[in-house]
Amino acid sequence: QVQLVESGGGLVQAGGSLRLSCAASGITFSMYRMGWYRQAPGKQRELVATISSAGITNYANSDKERFTISRDNAKNTVYLQMNSLKPEDTAVYYCNAFRNAILGYWGQGTQVTVSS
């Protein structure tokens, strides 16, 4: 059974930092592209960042200077370090594991709330 379990969300003041973690089980983690997406109330889910199995990263243009995605294949975990948080970063953040059109999984999400 595949599980992606996010943690590290919470309430933070604007300008603060959070580090999200996503622990994966039931997949060959190192073979998957891992990603973080977010969905704010009333909006569509959007890309935050991805990291390939080779460690190549990709960021949404608005986030690349504040967010850093990384992975630890030994721990089957992907991280998202978020700095200089803004109220508009408030959303549910979802972990994604993608290998191909058939093999893709989502976590349950973790809430991030940034107060002004």
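Now for a look at the structure at hand. Owing to the predicted nature of the structure, the values given are computational and were not obtained by experimental measurement. (Residues numbered from 1 in each chain as written. Predicted model: local features only at pLDDT ≥ 70, side-chain atom pairs only at ≥ 80, totals over all residues. Heavy atoms only, no water.)

### Considering the overall build of the protein
Inclusion rule: Numbering of helices and strands runs from the N terminus, with a helix taken as a DSSP run of H or I at least four residues long and a strand as a DSSP run of E at least two residues long. We call a residue buried when its accessible area falls under 20% of the maximum for its residue type, exposed when it is over 50%, and partly exposed in between, using a 1.4 Å probe and counting protein chains only. Whether two residues touch is decided by their heavy atoms; if any such pair falls within 4.5 Å, the residues are in contact. Areas reported as accessible are Shrake-Rupley estimates using a 1.4 Å probe. Residue values count occlusion only from the protein chains shown.
Helix and strand counts for the protein stand at zero helices and eleven strands. When its helices and strands are written in sequence order, the protein yields β-β-β-β-β-β-β-β-β-β-β. Each principal axis of the C-alpha distribution contributes one length, and for the protein these read about 40 × 25 × 25 Å. Classification of the 116 residues of the protein by burial places 41% in the buried group. A fraction of 53% describes how many contacts in the protein between residues 6 or more apart in sequence connect residues 24 or more apart. Summing over all exposed atoms, the protein offers an accessible surface of approximately 6,200 Å²; the carbon and sulfur share of this is 46%.

### Quick word on the side chain of Asn-96
As a reminder, the rule being used: Polar contact is defined as a pair of N or O atoms within 3.5 Å, subject to the rule that within protein one atom must be able to donate a hydrogen and the other to accept it, and that residues adjacent in sequence are counted only when both atoms are side-chain atoms.
Checked against the element boundaries, Asn-96 lands in strand β9 (residues 91-98). Among the polar contacts listed, one links the side chain of Asn-96 to the backbone oxygen of Tyr-105, at a separation of 3.1 Å. Sequence-distant contacts of Asn-96, that is, excluding residues within four places in its chain, are made with Leu-4, Arg-33, Met-34, Gly-35, Tyr-37, Tyr-105 and Trp-106.

### Topic: the pairing of strand β4 (residues 33-39)
To be explicit about the condition: Pairing between two strands is assigned when DSSP locates at least 2 bridges connecting them.
Counting buried residues along β4, five of its seven residues qualify, which places the element largely inside the surrounding structure. Inspection of the sheet shows β4 paired to strand β5 (residues 46-51) by five bridges, in the antiparallel sense. Along β5, the bridge assignment pairs Arg-38 with Glu-46. Counted between consecutive antiparallel strands, the loop separating β4 from β5 contains six residues, among which Gly-42 sits at a positive phi close to 75 degrees.

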